[in-house]
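What follows is each chain in one-letter form.
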Amino acid sequence: MQIKPNQSCHEPSLTVPPIFQPSGLALAELAKEAGVLLPAAANPDMLLQSGASLETARSWHIAYIDHARYTNALRTTKAGACFVTERFAHLVPPGTVPITVRDPRLVYAKVLARLHPEALRAAPLLGSPDVTGGCFVHPLAQIGAGVVLDPGVVIGDRVFIGAGTTIGAHVVLGPDVVIGWDCSIGPSVSIAHCSLGVEPQQVVLG
(Lines give C-alpha, C1' and ligand atoms only; values in the text may rest on other atoms or scores of the structure.)
Protein backbone atom coordinates (compact mmCIF):
# COMPACT_ATOMS: atom_id res chain seq x y z
CA MET A 1 0.00 0.00 0.00
CA GLN A 2 1.32 3.45 -0.94
CA ILE A 3 0.76 6.19 1.67
CA LYS A 4 1.48 9.87 1.14
CA PRO A 5 2.79 11.47 4.34
CA ASN A 6 0.90 14.58 5.43
CA GLN A 7 -1.89 13.82 2.97
CA SER A 8 -4.57 16.52 2.95
CA CYS A 9 -7.72 16.00 4.99
CA HIS A 10 -10.71 14.37 3.28
CA GLU A 11 -14.20 15.74 3.72
CA PRO A 12 -16.20 13.46 6.07
CA SER A 13 -19.01 11.47 4.52
CA LEU A 14 -22.55 12.33 5.55
CA THR A 15 -23.81 8.82 4.78
CA VAL A 16 -25.14 7.13 7.91
CA PRO A 17 -24.58 3.36 7.94
CA PRO A 18 -27.56 1.15 8.79
CA ILE A 19 -27.93 -0.01 12.37
CA PHE A 20 -26.66 -3.57 12.77
CA GLN A 21 -29.44 -6.02 13.49
CA PRO A 22 -28.38 -9.41 14.90
CA SER A 23 -29.76 -12.28 12.86
CA GLY A 24 -30.25 -14.43 15.94
CA LEU A 25 -29.69 -18.09 16.73
CA ALA A 26 -32.21 -20.86 16.92
CA LEU A 27 -32.62 -22.53 20.30
CA ALA A 28 -31.16 -25.73 18.85
CA GLU A 29 -28.00 -23.81 17.89
CA LEU A 30 -27.71 -22.40 21.41
CA ALA A 31 -27.93 -25.90 22.85
CA LYS A 32 -25.30 -27.08 20.37
CA GLU A 33 -23.01 -24.22 21.41
CA ALA A 34 -23.50 -25.25 25.04
CA GLY A 35 -22.91 -28.92 24.24
CA VAL A 36 -26.16 -30.06 25.85
CA LEU A 37 -29.58 -31.37 24.80
CA LEU A 38 -32.72 -29.27 24.89
CA PRO A 39 -35.64 -30.18 27.16
CA ALA A 40 -38.10 -32.37 25.29
CA ALA A 41 -40.84 -29.73 25.33
CA ALA A 42 -38.65 -26.93 23.94
CA ASN A 43 -39.14 -25.59 20.41
CA PRO A 44 -35.74 -26.02 18.69
CA ASP A 45 -36.60 -23.37 16.08
CA MET A 46 -37.32 -20.59 18.60
CA LEU A 47 -35.12 -17.62 17.66
CA LEU A 48 -33.04 -15.77 20.26
CA GLN A 49 -31.62 -12.47 19.04
CA SER A 50 -29.56 -11.16 21.94
CA GLY A 51 -28.66 -11.48 25.59
CA ALA A 52 -30.12 -9.60 28.56
CA SER A 53 -30.22 -9.65 32.33
CA LEU A 54 -32.82 -11.78 34.07
CA GLU A 55 -34.73 -8.65 35.06
CA THR A 56 -34.90 -7.03 31.62
CA ALA A 57 -34.98 -10.06 29.31
CA ARG A 58 -37.90 -10.68 26.98
CA SER A 59 -38.92 -13.68 24.89
CA TRP A 60 -36.24 -13.02 22.24
CA HIS A 61 -33.43 -12.87 24.83
CA ILE A 62 -31.09 -15.42 26.38
CA ALA A 63 -30.10 -14.92 30.04
CA TYR A 64 -28.08 -16.80 32.64
CA ILE A 65 -27.78 -17.27 36.39
CA ASP A 66 -24.68 -18.31 38.32
CA HIS A 67 -25.36 -17.14 41.89
CA ALA A 68 -28.09 -17.65 44.46
CA ARG A 69 -28.53 -13.90 44.93
CA TYR A 70 -30.36 -13.81 41.59
CA THR A 71 -32.91 -16.52 42.28
CA ASN A 72 -35.77 -14.06 42.78
CA ALA A 73 -35.01 -12.52 39.39
CA LEU A 74 -34.88 -16.00 37.86
CA ARG A 75 -38.33 -16.87 39.19
CA THR A 76 -39.87 -13.88 37.40
CA THR A 77 -37.73 -13.63 34.28
CA LYS A 78 -39.39 -13.37 30.88
CA ALA A 79 -36.32 -14.56 28.96
CA GLY A 80 -36.91 -16.98 26.11
CA ALA A 81 -34.15 -19.23 27.44
CA CYS A 82 -31.78 -19.23 30.39
CA PHE A 83 -28.47 -20.96 31.04
CA VAL A 84 -28.57 -22.49 34.51
CA THR A 85 -26.79 -25.08 36.60
CA GLU A 86 -28.69 -28.07 37.94
CA ARG A 87 -28.97 -26.23 41.27
CA PHE A 88 -31.26 -23.56 39.80
CA ALA A 89 -33.01 -25.43 36.98
CA HIS A 90 -36.17 -26.07 39.02
CA LEU A 91 -36.64 -22.30 39.55
CA VAL A 92 -36.94 -21.43 35.85
CA PRO A 93 -40.50 -20.17 35.16
CA PRO A 94 -42.75 -22.01 32.67
CA GLY A 95 -42.32 -19.45 29.89
CA THR A 96 -38.52 -19.78 29.85
CA VAL A 97 -36.54 -22.72 28.45
CA PRO A 98 -33.91 -23.92 30.94
CA ILE A 99 -30.58 -24.94 29.37
CA THR A 100 -28.59 -26.75 32.03
CA VAL A 101 -24.83 -26.31 31.77
CA ARG A 102 -21.84 -26.52 34.11
CA ASP A 103 -20.69 -22.91 33.67
CA PRO A 104 -23.60 -20.62 32.64
CA ARG A 105 -21.52 -17.45 32.47
CA LEU A 106 -18.92 -18.98 30.15
CA VAL A 107 -21.52 -20.47 27.81
CA TYR A 108 -23.47 -17.20 27.82
CA ALA A 109 -20.32 -15.32 26.75
CA LYS A 110 -19.71 -17.78 23.91
CA VAL A 111 -23.28 -17.39 22.68
CA LEU A 112 -23.07 -13.59 22.79
CA ALA A 113 -19.90 -13.81 20.69
CA ARG A 114 -21.92 -15.76 18.11
CA LEU A 115 -24.83 -13.31 18.26
CA HIS A 116 -22.71 -10.15 18.17
CA PRO A 117 -19.45 -10.86 16.33
CA GLU A 118 -19.09 -7.14 15.61
CA ALA A 119 -18.57 -6.51 19.34
CA LEU A 120 -15.39 -8.59 19.39
CA ARG A 121 -13.56 -5.86 17.53
CA ALA A 122 -13.94 -2.11 17.88
CA ALA A 123 -15.27 -0.51 14.71
CA PRO A 124 -13.60 2.62 13.33
CA LEU A 125 -15.47 5.80 14.21
CA LEU A 126 -14.72 7.81 11.07
CA GLY A 127 -11.84 6.25 9.16
CA SER A 128 -11.78 4.04 6.10
CA PRO A 129 -9.30 1.41 4.92
CA ASP A 130 -6.24 2.82 3.13
CA VAL A 131 -7.28 6.44 3.76
CA THR A 132 -4.98 8.69 5.81
CA GLY A 133 -6.78 12.03 5.58
CA GLY A 134 -6.36 14.17 8.69
CA CYS A 135 -3.45 12.03 9.93
CA PHE A 136 0.31 12.46 10.07
CA VAL A 137 2.23 9.44 8.76
CA HIS A 138 6.03 9.53 8.88
CA PRO A 139 7.67 8.76 5.51
CA LEU A 140 9.50 5.76 6.99
CA ALA A 141 6.41 4.21 8.60
CA GLN A 142 5.10 0.95 7.13
CA ILE A 143 1.32 0.61 6.98
CA GLY A 144 -0.28 -2.70 5.95
CA ALA A 145 -3.14 -3.14 3.52
CA GLY A 146 -6.61 -2.42 4.86
CA VAL A 147 -5.39 -0.50 7.91
CA VAL A 148 -8.02 2.00 9.14
CA LEU A 149 -6.78 5.31 10.56
CA ASP A 150 -9.35 7.53 12.24
CA PRO A 151 -8.73 11.31 12.05
CA GLY A 152 -5.93 12.84 14.10
CA VAL A 153 -3.67 9.76 14.18
CA VAL A 154 0.07 10.49 14.44
CA ILE A 155 2.44 7.75 13.28
CA GLY A 156 6.12 8.18 13.96
CA ASP A 157 9.40 7.15 12.40
CA ARG A 158 9.83 3.42 11.54
CA VAL A 159 6.44 2.44 12.93
CA PHE A 160 5.05 -0.84 11.58
CA ILE A 161 1.27 -1.53 11.49
CA GLY A 162 0.09 -4.94 10.27
CA ALA A 163 -2.68 -5.41 7.72
CA GLY A 164 -6.29 -5.13 8.86
CA THR A 165 -5.57 -3.14 12.02
CA THR A 166 -7.78 -0.25 13.21
CA ILE A 167 -6.18 2.80 14.84
CA GLY A 168 -8.61 5.06 16.71
CA ALA A 169 -8.85 8.83 16.56
CA HIS A 170 -5.94 10.89 17.96
CA VAL A 171 -3.74 7.87 18.65
CA VAL A 172 0.00 8.65 18.79
CA LEU A 173 2.46 5.89 17.86
CA GLY A 174 6.03 6.78 18.75
CA PRO A 175 9.14 5.80 16.78
CA ASP A 176 9.78 2.07 16.26
CA VAL A 177 6.39 0.98 17.64
CA VAL A 178 5.17 -2.28 16.12
CA ILE A 179 1.45 -3.10 15.93
CA GLY A 180 0.46 -6.55 14.68
CA TRP A 181 -2.11 -7.76 12.18
CA ASP A 182 -5.89 -7.38 12.79
CA CYS A 183 -5.38 -5.42 16.00
CA SER A 184 -7.55 -2.60 17.34
CA ILE A 185 -6.20 0.47 19.17
CA GLY A 186 -8.82 2.66 20.85
CA PRO A 187 -9.02 6.46 20.58
CA SER A 188 -6.59 8.87 22.29
CA VAL A 189 -3.97 6.24 23.12
CA SER A 190 -0.25 7.02 23.11
CA ILE A 191 2.14 4.11 22.56
CA ALA A 192 5.93 4.21 22.72
CA HIS A 193 8.83 1.75 22.90
CA CYS A 194 6.83 -1.46 22.52
CA SER A 195 5.41 -4.10 20.21
CA LEU A 196 1.75 -5.15 20.44
CA GLY A 197 0.07 -8.16 18.90
CA VAL A 198 3.23 -9.50 17.27
CA GLU A 199 6.69 -10.74 18.15
CA PRO A 200 9.35 -8.25 16.97
CA GLN A 201 11.23 -11.01 15.08
CA GLN A 202 8.14 -11.55 12.92
CA VAL A 203 8.47 -8.09 11.41
CA VAL A 204 11.00 -7.20 8.73
CA LEU A 205 11.34 -3.44 8.49
CA GLY A 206 12.37 -2.19 5.08
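Details of the structure are given in the entry above.
Please read all numbers here as calculations on a predicted model, not as lab measurements. (Residues numbered from 1 in each chain as written. Predicted model: local features only at pLDDT ≥ 70, side-chain atom pairs only at ≥ 80, totals over all residues. Heavy atoms only, no water.)

A. The arrangement of the overall build of the chain in detail. Of regular secondary structure, the chain possesses 3 helices and 17 strands. For the chain, with 206 residues in total, the buried portion stands at 39%. In the chain, 28% of the contacts between residues at least 6 apart in sequence involve partners at least 24 apart. A total of about 11900 Å² of accessible surface is found on the chain, and carbon and sulfur atoms cover 58% of it. (Helix = DSSP H or I, 4+ residues; strand = E, 2+ residues; numbered from the N terminus. Buried < 20%, exposed > 50% of the residue type's maximum accessible area, 1.4 Å probe, protein only. Contact = heavy atoms within 4.5 Å. Areas by Shrake-Rupley, 256 points an atom, 1.4 Å probe, with all protein chains shown as cover.)

B. Summary view of the sheet that holds strand 3 (residues 50-51). Reading across the sheet, the 4 strands line up as 3-4-5-6 and stay open at both edges, with parallel pairing between neighbours. The open sheet has two free edges, formed respectively by strand 3 and strand 6 (97-100), since each of these has just one partner strand. Pairing geometry for strand 3 and strand 4 (residues 61-64), over 2 bridges, is parallel. Looking across to strand 4, one finds that Gly-51 is bridged to Ile-62. Set on the sheet, helix 1 (residues 27-34) makes contact with strand 4, strand 5 (81-84) and strand 6; between it and strand 6 the angle comes to about 20°. Packed onto the sheet, helix 3 (residues 104-115) meets strand 3, strand 4 and strand 5 and runs at close to 155° relative to strand 4. (Pairing = 2+ DSSP bridges. Axes fitted to C-alpha atoms, helices over the stretch in contact; angles between N-to-C directions.)

C. Examining the environment of Thr-56 more closely. On the secondary structure map, Thr-56 appears in the loop between strand 3 and strand 4. On the basis of relative accessible area, Thr-56 is assigned to the partly exposed category, the value being 48%. In the structure, Thr-56 is positioned 22 residues away from Lys-78 in sequence and 7.8 Å away in space, judged by C-alpha atoms.

D. How the structure looks around the sheet that holds strand 17 (residues 195-196). As summarised here, the arrangement of the 4 strands in space is 8-11-14-17, forming an open sheet in which the pairing is parallel. The strands lining the two open edges of the sheet, one partner per strand, are strand 8 (142-143) and strand 17. The pairing of strand 8 with strand 11 (residues 160-161) spans 2 bridges and is parallel. Paired with Ile-143 across the two strands is Ile-161, which belongs to strand 11.

E. Looking closely at unusual backbone geometry. Despite not being glycine, Asp-182 shows a phi value in the positive range, around 55°. In this fold, Asp-182 is placed in the loop between strand 14 (178-179) and strand 15 (184-185). Residue classification places Asp-182 among the exposed residues on the basis of a relative accessible area of 54%. Phi angles above zero are rare outside glycine, and His-193 is one such case at about 60°.

F. Geometry of the pairing of strand 6. Side chains Val-97 and Ile-99 of strand 6 all project onto a buried face; the interleaved residues Pro-98 and Thr-100 project onto a face where none is buried. Pairing of strand 5 with strand 6, which is carried by 4 bridges, proceeds in the parallel orientation. Across the sheet, Ala-81 pairs through a bridge with Val-97, a residue of strand 6.

G. Summary view of the pattern of salt bridges. This model, assessed by the stated rule, comprises 5 salt bridges. One salt bridge connects Glu-29 with Arg-114, and the closest N-O pair in it is separated by 3.4 Å. Here the residue Glu-29 occupies a position in helix 1, and Arg-114 occupies one in helix 3, the gap between them amounting to 85 residues. On the basis of relative accessibility, which here comes to 38%, the residue Arg-114 falls in the partly exposed class. Residue Glu-33 pairs with Arg-114 through a salt bridge whose shortest N-O separation is 2.7 Å. Here Arg-114 lies in helix 3 and Glu-33 lies in helix 1, a separation of 81 residues in the sequence. Connected via shared salt-bridge partners are Glu-29, Glu-33 and Arg-114. (Salt bridge = Lys/Arg side-chain N within 4 Å of Asp/Glu carboxyl O.)

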